[in-house]
Amino acid sequence: MCEHCGNTATAHPRLTRRRILTLATAAGAAFAAAPPAFAAPPKAPPKPENVLAPDAALKRLMEGNARYVEGIAKRQDFKHEREALSMGQNPFAAILSCADSRIAPEYCFDTARGDIFVCRIAGNFASDEMVASLEYAVQVLNTPLIMVLGHDSCGAVDATIKSVKDGTTLPGHLPSLVAAIKPAVDAVSGQSGDLLANAIARNVTLNVDKLKAAAPILQSFVADKKIRVVGGVYTLTTGRVALLG
Ligand SMILES: [Zn+2]
């Protein structure tokens, strides 16, 4: 048995100084040889049914939402998925959702674990960290679809409208949300119709455009038609997601 880790199956070779140096050199060479950004490990996807073209991924997502709306969600086999998912993940869609507790992307698209890669932030905008997370989903996990998901009665957008109208500065770190959502509010000010609904929709489409243009990773995947980036708005009363654009 190895005295270092208790491994009884195979005893480790004694970690001499020479061997440690050899391992360190090999690791350094592997890192230097990796492609830019990060490399996807070549292994079989744990959920083969999630290997989809972008259009098929969107179809599956919206079919899941239709089941959720009708209250006929699938029974998920969480128990038997655990082992396969412990080896990796290949979600078929990534969702940039508002953090609002009433929007639960896994529920509203009737998905299981390992199916959707969810990034959440109040106001569902593409901060650098969100873009980086979505780059990871696309480049490393081979996710073929990104959806920016807003919702009606969004408090983050409403607070931004009030802050812009009143010229007030919100406390704490909230001004960072206002700054991120303000371009959508400015873009629809003066338009006919409901200002909040218009700003929510515009905030989604502006962030869809931002993700499509996010160079070099997302932009190139969009140009090569390897992924689609779409926008949707969730309605609180029905649970229905309406696609925009
Ligand atoms: Zn919201």
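Because the structure is a prediction, the values reported are computed rather than measured.

K.L.:
Looking at this structure, I do not really get the packing of helix α6 (residues 155–166) against helix α8 (residues 195–212). What am I missing?
P.N.:
Packed helices, taken two at a time, are described by the angle between their axes plus the distance between the axes. Where α6 contacts α8, the axes come no closer than 10 Å and their chain directions differ by 115°. As far as their axial angle goes, α8 and α6 are roughly perpendicular. Classified by chirality, the crossing of α8 by α6 is right-handed. Judged by residue contacts, V157, D158, I161 and K165 of α6 engage L195, L196, A199, I200 and N203 from α8. Its residues placed into classes, the contact of α6 with α8 shows 6 nonpolar, 1 polar and 2 charged.

K.L.:
Just to check I follow, could you spell out the confidence of the model for the chain for this structure?
P.N.:
Detailed reading of the predicted coordinates is not advisable wherever pLDDT falls low. Put simply, the chain has an average pLDDT of 87, and 83% of its residues get 70 or more. The model gives residues 1–35 a pLDDT under 50, and that stretch makes 11 contacts with residues more than four places away or in other chains.

K.L.:
Honestly, the coordination of the zinc ion in this entry has me stumped. Any pointers?
P.N.:
For a metal with four tetrahedral donors the ideal donor-metal-donor angle is 109.5 degrees, while six octahedral donors give ideal angles of 90 or 180 degrees. Protein coordination at the zinc ion comes from C98 (SG), H151 (NE2) and C154 (SG), with a distance range of 2.1 to 2.3 Å. Of note, the donors binding the zinc ion are all from one chain and are spaced C-x52-H-x2-C. Residue classification places C154 among the buried positions, given a relative accessible area of 2%.

K.L.:
Where do I start with the sheet that holds strand β2 (residues 116–120) in this structure?
P.N.:
What holds strands together in a sheet is hydrogen bonding between their backbones, with the strands either parallel or antiparallel. Strand order in the open sheet formed by 5 strands is β2-β1-β3-β4-β5, and the pairing between neighbours is mixed. Two strands bound the open sheet, and with one partner strand each, they are β2 and β5 (241–244). When strand polarity is set aside, the average angle formed by the axes of neighbouring strands in this sheet is 30°. Pairing of strand β4 (residues 228–234) with β5, which is carried by 4 bridges, proceeds in the antiparallel orientation. The residue of β5 that forms the bridge with Y234 is V241. Its contacts with the sheet put helix α2 (residues 54–70) on β1 (93–97), β2, β3 (145–151), β4 and β5, and the angle it makes with β3 is roughly 35°. Across the face of the sheet, α8 comes into contact with β1, β3, β4 and β5 while running at roughly 165° to β4.

K.L.:
Which parts of the structure should I look at to understand the packing of helix α7 (residues 174–188) against α8?
P.N.:
One can describe the packing of α7 onto α8 by two numbers: an axis separation of 8 Å at closest approach and a directional angle of 125°. Judged by the inter-axis angle, α7 sits oblique to α8. Here α7 runs over α8; the crossing is right-handed. Contacts between α7 and α8 involve I181, P183, A184, V185, A187 and V188 from the first element and L195, N198, A199, R202, N203 and L206 from the second. When its residues are assigned to classes, the contact of α7 with α8 shows 9 nonpolar, 2 polar and 1 charged.

K.L.:
I keep staring at the pairing of β3 and nothing clicks. Help me out?
P.N.:
In terms of burial, β3 is a largely internal element, 7 of the 7 residues being buried. Residues L145, M147, L149 and H151 of β3 are buried on one face, and the alternating residues I146, V148 and G150, pointing to the opposite face, are buried as well. Pairing geometry for β1 and β3, over 4 bridges, is parallel. When the sheet's bridge partners are listed, S97 is paired in β3 with L149. Sheet topology note: the β3/β4 ladder contains 7 bridges and is parallel. Note on β4: the bridge partner recorded for G150 is V233.

The rules behind these values
Residues numbered from 1 in each chain as written. Predicted model: local features only at pLDDT ≥ 70, side-chain atom pairs only at ≥ 80, totals over all residues. Heavy atoms only, no water. Axes fitted to C-alpha atoms, helices over the stretch in contact; angles between N-to-C directions. Helix = DSSP H or I, 4+ residues; strand = E, 2+ residues; numbered from the N terminus. Parallel < 35°, antiparallel > 145°, perpendicular 65-115°, else oblique. Left-handed = near helix turned anticlockwise from the far one by under 90°. Contact = heavy atoms within 4.5 Å. Nonpolar A, V, L, I, M, F, W, Y, C, P; charged D, E, K, R; others polar. pLDDT = per-residue confidence, 0-100. Donors = N, O, S within 2.8 Å, 3.2 Å for Na, K, Ca; no water. Buried < 20%, exposed > 50% of the residue type's maximum accessible area, 1.4 Å probe, protein only. Pairing = 2+ DSSP bridges.

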